[in-house]
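# Remarks on the overall topology
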Protein chains: 2
Amino acid sequence: MKQHFQKEDARGDLDAATAVTRTPSVSSRAISMQASPLRKLAAAASARAAAGIKVYRLNIGQPDLPTPPAVFEAVRSFSQPTLAYAPSNGLPIPLTAWKSYYRQNGIEIDESEMVITAGGSEAIVFAMSAVCDPDDEIIVFEPFYTNYNGFATLASVNLRPVPLSIENGFHLPPADEIERHITPRTRAILLCNPANPTGTIYTRGEIEGIVEIVGRRGLFLLSDEVYREFAFDAPAISVMSFPEIRDRAVLLDSCSKRFNVCGARIGVLASHNAEVVQTALKFGMARLSVATLEQLALVPLLESPARYTAPIVEEFRKRRDLVYEELRSIPGATFYRPEGAFYIVIGLPVRDSEHFARWLVEEFEHEKETVLLAPAQGFYATPGKGLNEVRIAFTLKGEDLRRSLSLIRLALEAYSKKS
Amino acid sequence: MKQHFQKEDARGDLDAATAVTRTPSVSSRAISMQASPLRKLAAAASARAAAGIKVYRLNIGQPDLPTPPAVFEAVRSFSQPTLAYAPSNGLPIPLTAWKSYYRQNGIEIDESEMVITAGGSEAIVFAMSAVCDPDDEIIVFEPFYTNYNGFATLASVNLRPVPLSIENGFHLPPADEIERHITPRTRAILLCNPANPTGTIYTRGEIEGIVEIVGRRGLFLLSDEVYREFAFDAPAISVMSFPEIRDRAVLLDSCSKRFNVCGARIGVLASHNAEVVQTALKFGMARLSVATLEQLALVPLLESPARYTAPIVEEFRKRRDLVYEELRSIPGATFYRPEGAFYIVIGLPVRDSEHFARWLVEEFEHEKETVLLAPAQGFYATPGKGLNEVRIAFTLKGEDLRRSLSLIRLALEAYSKKS
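Residues numbered from 1 in each chain as written. Chains lettered and ligands numbered in written order. Predicted model: local features only at pLDDT ≥ 70, side-chain atom pairs only at ≥ 80, totals over all residues.

### Remarks on the overall build of chain A
The helix and strand inventory of chain A stands at 15 helices and 12 strands. Taken over 419 residues, chain A has a buried fraction of 55%. (Helix = DSSP H or I, 4+ residues; strand = E, 2+ residues; numbered from the N terminus. Buried ≥ 20, exposed ≤ 12 C-beta atoms within 10 Å, placed from the backbone.)

Structure follows, in structure tokens:
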């Protein structure tokens, strides 16, 4: 309400000389929108790099691996004279390629049950807006992908976090603990599996628990499965494999990570619930279409996914193993063995990981090298949680990861002496 | 409220056999979201084409002209190994190219005052969400670009239409008539100049009137100027050329039309109001980035815009003249001389233009040819307005436009005999 009073003051407050009011204020949702906590320290890192210090960037999920050349070949072979709007739900050939991709992953979904989106991001905004009105609630598991906050603010939806714990590798609590967070305004549970930022893959039993809750409580289940293939020990189970929630499961997906095409911005929303797909299509019609070239460029990858994802996942498995081993040499670190994705949240022997991360990138160096970390507070909605945690993304090659972890160890030693 | 009751019923109504509730319903905003009225008759047109009837499509703004080869050359010359995320505000080189484009159009705007968006569409959603909270209001001039409805629904913003009239070529009413629509919840006026769907270009006096209102009433002025170059008689005046509203003018733009790159999905939000730009950037951070290849592909066009836009605009000027001349031969048609963009709204001697348009595409033919029109009701928010109007897009070459208008004349004759 404060916001509105401010505005009404502004309107009334004429400058007699010019008859122009004070600058109008942006909206409350604009003010409450957080800047990406992942990018907060980026400027400090750039400044440090400019000063001749090598900064190992473990903060964001932009893999270092090359994009498959098939993508660029497909782009180059585009031969139509006009780069025209695609249909709002997607071009026919890419839609069929997505269907083929899902079939090869054990998921049967028809072209008419999908809308191609501008990255997984747009799929999430469409899904939130399709199932929630302003002030409705979605349950998330904390820590969660920080941009869920941004999408929720944009869609005026409230996230209700269910706390997880590093002690059990961020696995889900019992059903009754989850259900305690359901209110009359709850419309959906949003799952990310394999999970960003924790690397956790939920067991069949855990997913069954969620499936049972959404069935019994009349909720939607929104499932972000963009890390599907990054499953190192056992496959990740899709919510689409539970026929009992065919009518309420909504799959949110993206090509970015599995094919190393982050800059292509191609995702998909898929559901057997025709109303949800129709709504996503109506939102899609408003923004007309998704980039034509990229939709086509990903077709060869979607048609033969394993060929492209297998070597990528193998590389990340090695990195996961390396990080897990190297973490043992950091005294006082709390960690677990991530089962998927390419992240891990670790507890550090510090009081405030954001302070440590800032000091690390702004002041620390060892042989002219330092590290950029993502403080984990940004992945929590509950104030005061995750204060000693950081997220590491395995987006550097093995030797650089090893060096980064050794720098963290050295930095912690120096930091503890300093304070 | 109805929606919420339904949901609560659903939650309570357990099927004893399965303990699964009824399928949850989508949100009220999902239900109130309109499907694109421009695409409503598209299926009928496709069916007719499949039956061997040639359908001249005058319904959507997808120009038939080729995309400049420089776009495809730029895409082909991309030589980085990884298609990585761009920065959330845009890549540096494209941002500088946008600055150069604006300077060549008499607008001084810095790289830091812009956010590159996924088409003009995303710029509009970001702007609406940046200045409005749910249930806040934006004033639009009716008829208006139909997708403003979709963006407003997605952002839970209410559009307040100020009616315009075909009698004066859809020019603006006096200031007091506009101000009557301002309420305590009004946050902005949204202008489209040159206007879609009317082809109207507002005079300096009209824009000054708007500038004066937003100054005096503490509102933002959101200005959709995607048709900037399509000005056939006198240049379109940008809201960015009024220093007195530097703090509240927000420019919404897109490359799609002026460069024939509709499928690239590149737009921009620009403002001297740092708070608005910062908000757009925060929304942008949530969705990470806009397609990397297309941002780069448009650089050569943005650096030398006139070279590309001049021949395109010249072609549309000829079409505008042709349509204006040919309309004289349609008895009972109401029309005016559009000053810009590539649209015209015409009044037809029919009671219900949607019925006529459907009959035209589904049943009428002359020498195995017919026409697809956009009924104008979709461009009005006020029920019962524009019932006899249609929008025509000049997106076909001259001889096809001439034939289309002659088909409309023949169809009207047959339609009047039929009813």
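We are not done yet, so read on.
### So, the sheet that holds strand β12 (residues 389-393) of chain A
A sheet is described by the order of its strands in space; here three strands give the open sequence β9-β12-β11 (chain A), paired in antiparallel fashion. Two strands bound the open sheet, and with one partner strand each, they are β9 (343-347) and β11 (374-375) of chain A. (Pairing = 2+ DSSP bridges.)

### Focus on the interface of chain A and chain B
Residue-level contacts link 81 residues of chain A with 81 residues of chain B. A per-element tally of the side of chain A that touches chain B places helix α10 (residues 274-286) of chain A first, with seven residues. Tallied by class, residues from the side of chain A that touches chain B come to 40 nonpolar, 22 polar and 19 charged. (Contact = placed C-beta atoms within 7 Å. Nonpolar A, V, L, I, M, F, W, Y, C, P; charged D, E, K, R; others polar.)

### Remarks on the confidence of the model for chain A
Residues and elements named next belong to chain A. Averaged over every residue, the pLDDT of chain A is 93; the share at 70 or more is 95%. With pLDDT under 50 throughout, residues 1-17 is counted as low confidence; its partners more than four residues away or in other chains account for 21 contacts. Across the interface, the model reports ipTM at 0.89; the global pTM reads 0.91. (pLDDT = per-residue confidence, 0-100.)

### Looking at the relation of the copies chain A and chain B
Screw-axis analysis of chain A against chain B gives a translation of 0.0 Å along the axis, an RMSD of 0.0 Å, and a rotation angle of 180°. The transformation relating the two chain copies, once decomposed into turn and shift, fits a two-fold axis. Considering only C-alpha atoms, the part of chain A nearest the rotation axis is Arg76 of chain A, at 2.8 Å. Here 100% of the contact residues of chain A are again contact residues in chain B; the copies associate through an equivalent surface. (Least-squares fit on C-alpha atoms with pLDDT ≥ 70 in both.)

### Points about the sheet that holds strand β8 (residues 266-271) of chain B
All names here are of chain B. Spatial ordering of the open sheet is given by β2-β8-β7-β6-β5-β3-β4, a layout of seven strands whose pairing is mixed. Single-partner strands in this sheet number two, and they are β2 (114-118) and β4 (158-163). For this sheet, the mean angle separating the axes of adjacent strands, direction not counted, is 25°. Looking at chain direction, strand β6 (residues 220-224) and strand β7 (residues 249-254) are connected through four bridges and run parallel. If you follow Leu221 over to β7, its bridge partner there is Ala249. (Axes fitted to C-alpha atoms, helices over the stretch in contact; angles between N-to-C directions.)

### Focus on the domain arrangement of chain A
Residue and element names in this part refer to chain A. For chain A, the assigned domains read domain 1 (33-66 + 307-418) and domain 2 (69-304). Inter-centroid distance (C-alpha atoms) of domain 1 to domain 2 is 26 Å. At the junction of the two partners, domain 1 supplies 39 residues and domain 2 supplies 35 residues. Among the secondary structure elements, those contributing two or more residues to the side of domain 1 that touches domain 2 are α13 (305-327), β9 and β12. Here the side of domain 1 that touches domain 2 gets eight residues from one element, more than from any other, and that element is α13. Grouping the constituent residues of the side of domain 1 that touches domain 2 by class yields 21 nonpolar, 11 polar and seven charged. (Domains from an automatic or database assignment.)

### Regarding helix α9 (residues 204-217) of chain B
All names here are of chain B. With 14 residues, α9 extends 20 Å between its outermost C-alpha atoms, agreeing within 8% with the 20 Å of an ideal straight helix rising 1.5 Å per residue. Buried within α9 we find Glu206, Ile207, Ile210, Val211, Val214 and Gly215. Those residues of α9 that are buried lie in contact with β5 (186-192) and β6. (Expected span 1.5 Å × (residues − 1).)

### Notes on the nonpolar core
By size, the foremost hydrophobic cluster in this structure holds 267 residues, and its most contacted members are Leu221 of chain A together with Leu221 of chain B. Setting aside residues no more than four positions away along its own chain, Leu221 of chain B makes contact with Ala188, Ile189, Leu191, Ile210, Val214, Val239, Ile245, Arg248, Ala249 and Val250 of chain B. (Core = buried A, V, L, I, M, F, W, Y, C linked by C-beta atoms within 7 Å.)

### Observations concerning the environment of Ala175 of chain A
All names here are of chain A. Along the chain, Ala175 turns up in helix α8 (residues 175-179). Along the backbone, Ala175 and Ile213 are 38 residues apart, and their C-alpha atoms lie at a distance of 7.4 Å. Here Ala175 is in contact with Gly209, Glu212 and Ile213, once residues within four sequence places are set aside.

### A look at unusual backbone geometry
Peptide bonds are, in most cases, trans, and in most cases residues other than glycine have a negative phi. The omega angle of the peptide bond from Glu142 of chain A to Pro143 of chain A is 5°, so this bond is cis rather than trans. Relative to the helices and strands, Pro143 of chain A is located in the loop between β3 (137-142) and α7 (147-154). The residue after Asn196 of chain A, namely Pro197 of chain A, is reached through a cis peptide bond having omega 15°. Its place among the elements puts Pro197 of chain A in the loop between β5 (186-192) and α9 (204-217). Unusually for a residue other than glycine, Leu288 of chain A sits at a positive phi of about 70°. Its place among the elements puts Leu288 of chain A in the loop between α10 and α11 (292-297). Not every positive phi belongs to a glycine, and Phe170 of chain B is a case in point at roughly 60°. Among the structural elements, Phe170 of chain B can be located in the loop between β4 and α8 (175-179). You can call Phe170 of chain B buried: it has 22 C-beta atoms within 10 Å.

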